[in-house]
Amino acid sequence: MELPCDGAGICMACKNKPPDEETLNCKTCATPWHATCLVSPPQELSDTLQWECPDCSMINQPSASAFSSGRSEEAGDLIASIRRIEDDKSLTEQEKAKKRQELLSGAAAGPSTSDCEEKKEKNDVLDILDKELTCSFCMQMLDRPVTTPCGHNFCLKCFQRWIGQGKRTCAFCRVQIPPKMASQPRINSTLVIAIRMARMSRSSIAGGAPKVYHFVHNQNRPDKAYTTERAKRAGKANACSGKIFVTVPPDHFGPIPAENDPERNMGVLVGEKWEDRLACRQWGAHLPHVAGIAGQSTHGSQSVALSGGYIDDEDHGEWFLYTGSGGRDLSGNKRTNKDQSFDQKFDKMNEALRVSCLKGYPVRVVRSHKEKRSSYAPETGVRYDGVYRIEKCWRKNGIQGFKVCRYLFVRCDNEPAPWTSDVQGDRPRPLPVIKELKNAIDTTERKGSPSWDYDEEKSCWMWKKPPPVSKKRVADGVDPEDGKVIRTIKRQRQNVSVREKLLKEFSCQICRKVMVSPITTPCAHNFCKACLEAAFAGQSFTRQRGQGRRSLRVQKNVMKCPSCIIDIAEFLQNPQIFLVGEPGADGCNRITTTASGGGKGGRKLRRV
DNA sequence: GGGCCCGCAGGG
DNA sequence: CCCTGCGGGCCC
């Protein structure tokens, strides 16, 4: 029996992680497979784009029923059938709609190419809808379905109630539920689509084609991020962004419409997913590739990312509580830091969010798989979940003991959220009751009417006041003739100078200059003697100008290495100082002796 | 799984 | 120009 790759991308057949060029994604279920482990891999490159995995291509053979663990097999069959209809180029949209409807209602189908196949699907569909798409607790159509490894489906809320009662077995078959599933249930997005399609099909009026949801496959993906000469590290850790595919300016507010998507003419759809933040950026959903908030303090915030970076965040899907940025010590060249060490203020990006709150702008929201505590986060990658409005913001004492900026986001999108089985988008909803507001300070609420609001007549969310005028240009290199985007190539850095190499190798972690009276800690960090002494006298240091390096801030009365958390109190009793020559003519110190500095694999002084 | 490192992008 | 940042890869 052939096996796909598991959730971590490991081939379940050979137990290895296949490289990208050996990974095939099924066009129907999007599951990755290891090409070299397949009995009959596709022969032509072009075949790989339309490749269907063994599970999906033999979906009606009982021996090949495994769709993938944790999913409803029958729902998988249903989706596969629906997608086969979608992919049939010989059908018009109306014919497709009719076929879908027949499939889902079990009505008589027209002449078929495969009688056996269709007969099974027809007869099973009602059963599937009755059994598989019904929650065993509430006996209703599944709402935010979660699926146990034993293959049983429950509403998220029902499941959580069950777990809350201390139960740890499947309510249906009594098989043990893994601790991870119990503590962090994730919504089964495949089932969501199945339920939604069933509903659309039932409610669709004859003649009007129901809305078709788009499934994004890898082959539609754009050029990837790339690495410069300077960024020596492998892969995308230090990559430049690939081209931006949408023609909206970086300060565009709201959904990205089809007319700004010259590549596909679809716009960015709710539920679209990307491998990582760099790919997400390329489609304009959220531009910064590290920061969680996109925006300008004078203009407003266009988008946010929920990635589990801040402990105070609280996700309820249609609404969530977001934490502002800052309050963290980023010394030591860090980009993020789990620990908060000072209060957040309403400035910079936090102020940008506050502006969007006051004006009632729509804020795009992406959720990342890195948010482990939310049931609404995707299993992998980064997903666009539509626009939200910030209804209130305030400050509170955060979990880590410092003040944090807080924002109440409430969904206001015309497309349904990726986790809901609703066919419709959002309606205005009452604000949730937020307990922490009792102890909030600096609370801000919108006074006037919001710019982005629900129109009762048109039954949709829209700009009720003109959107803010863009102050920026569309992504660099967009050809005004055809709107095609030309990738911009970053200027690459020339050879690194000897001086820079020296600085890198022998610089003090505090002053960033070549060390004077160097001391290497047991944890292998290098400092000037004076800097280290001053560090523990409670002084703080700012970086040297012009080198693109970071400030190091040290805490008073803490005997930890300024570059890491190792306690060096004992070492400081008797630090060893190495010999260093006088400054040279260029002002750069000459290292003249060899010495061992202790610590594993650290930078050690060498003769030059 | 956690620590560490660093180029990049964008705000101000 | 300097500062900041809810990444991502690698090493342990």
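Residues numbered from 1 in each chain as written. Chains lettered and ligands numbered in written order. Predicted model: local features only at pLDDT ≥ 70, side-chain atom pairs only at ≥ 80, totals over all residues. Heavy atoms only, no water.

Within an unreviewed UniProt entry, the label attached to chain A reads RING-type E3 ubiquitin transferase, and the organism entered is Salix suchowensis. Reading the Catalytic activity (unreviewed entry) entry of the UniProt record for chain A gives the comment "S-ubiquitinyl-[E2 ubiquitin-conjugating enzyme]-L-cysteine + [acceptor protein]-L-lysine = [E2 ubiquitin-conjugating enzyme]-L-cysteine + N(6)-ubiquitinyl-[acceptor protein]-L-lysine." (UniProt positions renumbered as here; feature names shortened; annotations may be inferred.)

Of regular secondary structure, chain A possesses 13 helices and 17 strands. A total of 608 residues make up chain A; the buried ones form 46% of that total. In chain A, the share of contacts with a sequence separation of at least 24, taken over all contacts with a separation of at least 6, comes to 57%. Accessible surface, chain A as shown: approximately 31900 Å² in total, 50% of it carbon and sulfur. (Helix = DSSP H or I, 4+ residues; strand = E, 2+ residues; numbered from the N terminus. Buried < 20%, exposed > 50% of the residue type's maximum accessible area, 1.4 Å probe, protein only. Contact = heavy atoms within 4.5 Å. Areas by Shrake-Rupley, 256 points an atom, 1.4 Å probe, with all protein chains shown as cover.)

Bringing helix α10 (residues 348-359) into the picture now. Helical geometry: 3.6 residues make up each α-helical turn, so side chains three or four residues apart lie on a common side. The end-to-end C-alpha distance of α10 is 17 Å, a good match for the 16 Å that 12 residues give at a rise of 1.5 Å each. Among all positions of α10, only Asn 350, Glu 351, Ala 352, Leu 353, Val 355, Ser 356 and Cys 357 are buried. (Expected span 1.5 Å × (residues − 1).)

Looking now at the protein's contact with DNA strand B. The immediate surroundings of DNA strand B are formed by 24 residues, with Thr 228, His 289, Ser 297, Asn 333 and Arg 335 found nearest. Expressed as a percentage, the sugar and phosphate content of the atoms of DNA strand B within 4 Å of the protein is 67%. Contact between DNA strand B and Asn 238: a base oxygen at 2.9 Å from a side-chain N or O atom of the residue. Among the elements of the structure, β6 (293-296) and α10 are those that each provide at least two residues to the surface near DNA strand B. Across the surface near DNA strand B, the residue classes break down as five nonpolar, nine polar and 10 charged. (Near = heavy atom within 4 Å. Polar contact = N/O pair within 3.5 Å; in protein donor to acceptor, adjacent residues only side chain to side chain. Nonpolar A, V, L, I, M, F, W, Y, C, P; charged D, E, K, R; others polar.)

The next thing to look at is the packing of aromatic side chains. Between two aromatic rings, the relevant description is the distance of the centres plus the angle of the planes. On inspection of all chains with the given rule, the structure shows 14 aromatic pairs. Every member of this aromatic cluster is reached through a ring pair, and the members are Phe 137, Phe 154, Phe 159 and Trp 162. The aromatic ring of Trp 162 is capped on one face by Lys 167, whose charged end is 4.4 Å from the ring centroid. Residue placement shows Arg 264 over the ring face of Trp 283; its charged tip is 4.2 Å from the ring centre. (Phe/Tyr/Trp six-rings, centres within 6.5 Å; stacked < 30°, edge-to-face > 60°. Lys NZ or Arg CZ within 6 Å of the ring centre and 35° of its normal.)

Turning to the pairing of strand β11 (residues 382-397), a few remarks are in order. Judged by how many residues are buried, β11 sits mostly within the fold: 15 of 16 residues are covered. Of the pairings in the sheet, the one linking strand β5 (residues 273-274) to β11 comprises two bridges and is antiparallel in character. Residue pairing for β11: Lys 273 is matched across the bridge by Arg 383. Looking at chain direction, strand β10 (residues 363-368) and β11 are connected through five bridges and run antiparallel. Paired with Arg 367 across the two strands is Arg 383, which belongs to β11. In this structure, the hairpin formed by β11 and strand β12 (residues 403-411) is closed by a connection of five residues, where Gly 401 is found at a positive phi of approximately 95°. (Pairing = 2+ DSSP bridges.)

What follows is about the pattern of salt bridges. Applying the stated criterion across every chain yields a total of 21 salt bridges. Salt-bridge contacts for Glu 318 lead to Arg 144; the nearest nitrogen and oxygen are separated by 2.9 Å. Highlighted residues: Glu 318 in the loop between β8 (314-315) and β9 (319-323) and Arg 144 in the loop between α5 (115-132) and β3 (145-147), separated in sequence by 174 residues. Of the residues examined, Arg 144 reaches a relative accessible area of 13% and is grouped as buried. When the shortest N-O distance is used, the salt bridge between Arg 411 and Asp 426 registers 2.7 Å. Within this pair, whereas Arg 411 is found in strand β12, its partner Asp 426 is found in the loop between β12 and β13 (441-445), the two being separated by 15 residues in sequence. For Asp 426, a relative accessible area of 7% gives the class buried. (Salt bridge = Lys/Arg side-chain N within 4 Å of Asp/Glu carboxyl O.)

With that settled, consider the pairing of β6. Pairing geometry for β6 and strand β7 (residues 300-306), over four bridges, is antiparallel. Residue pairing in the sheet places Gly 295 in a bridge with Ser 301 of β7.

Let's shift gears to helix α6 (residues 156-164). All of the buried residues in α6 are Leu 156, Cys 158, Phe 159, Trp 162 and Ile 163. The arc that holds the buried residues of α6, viewed along the axis, is 165°, so those residues lie on one side. Among the exposed residues of α6, those pointing more than 90 degrees away from its buried face are Arg 161 and Gly 164. In this structure, the buried residues of α6 make contact with β3, β4 (153-155) and α7 (179-183). (Arc of directions from axis to C-beta.)

In this section: the nonpolar core. Membership of the largest hydrophobic core comes to 39 residues, with the highest contact counts inside it found for Val 304, Phe 320, Tyr 322, Leu 353, Tyr 407 and Phe 409. Other than its neighbours up to four places away in sequence, Leu 353 contacts Ile 293, Ser 301, Val 304, Tyr 322, Ile 390, Tyr 407 and Phe 409. Counting 22 residues, the second largest nonpolar core, distinct from the first, contains Phe 245, Val 268, Ala 285 and Val 366. (Core = buried A, V, L, I, M, F, W, Y, C linked by side-chain atoms within 4.5 Å.)

Along the chain, Ser 241 falls in the loop between α8 (189-203) and β5. Look at Ser 241 and you get buried, because its relative accessible area is 18%. Reaching out from Ser 241, the side chain makes a polar contact with the side chain of Arg 281 at a distance of 2.9 Å. Excluding residues that lie within four positions of it along the chain, Ser 241 makes contacts with Ala 225, Tyr 226, Leu 278, Arg 281 and Gln 282.

Before going further, it helps to spend a moment on unusual backbone geometry. Positive phi outside glycine occurs at Arg 144, with the angle close to 50°. The phi angle at Asn 333 is positive, at roughly 65°, despite the residue not being glycine.

Turning to its location among the elements, Gln 176 is positioned in the loop between α6 and α7. Residues Gln 176 and Pro 149, 27 residues apart in the sequence, show an inter-C-alpha distance of 9.2 Å. With sequence-adjacent residues up to four places away left out, Gln 176 is seen in contact with Arg 168 and Thr 169.

When pLDDT is averaged along chain A, the result is 73, and 59% of the positions lie at 70 or above. Segment residues 104-126: pLDDT under 50, and 28 contacts once partners within four positions in sequence are set aside and those in other chains are kept. Note on residues 203-222: pLDDT is under 50 here. Beyond four places in sequence and across chains, it has 36 contacts. (pLDDT = per-residue confidence, 0-100.)

This part covers the environment of Pro 250. For Pro 250, the location among the structural elements is in the loop between α8 and β5. With 36 residues separating them in the primary sequence, Pro 250 and His 286 have C-alpha atoms 9.1 Å apart. Not counting residues within four places of it along the chain, the set of residues in contact with Pro 250 comprises Leu 287, Gln 302, Lys 472 and Arg 473.

Further remarks concern the state of the cysteines. The tally for this structure, following the rule as stated, stands at zero disulfides. Left without a disulfide partner, Cys 155 is nearest to the cysteine sulfur of Cys 138, which lies 3.7 Å away. (Disulfide = S-S within 2.5 Å.)

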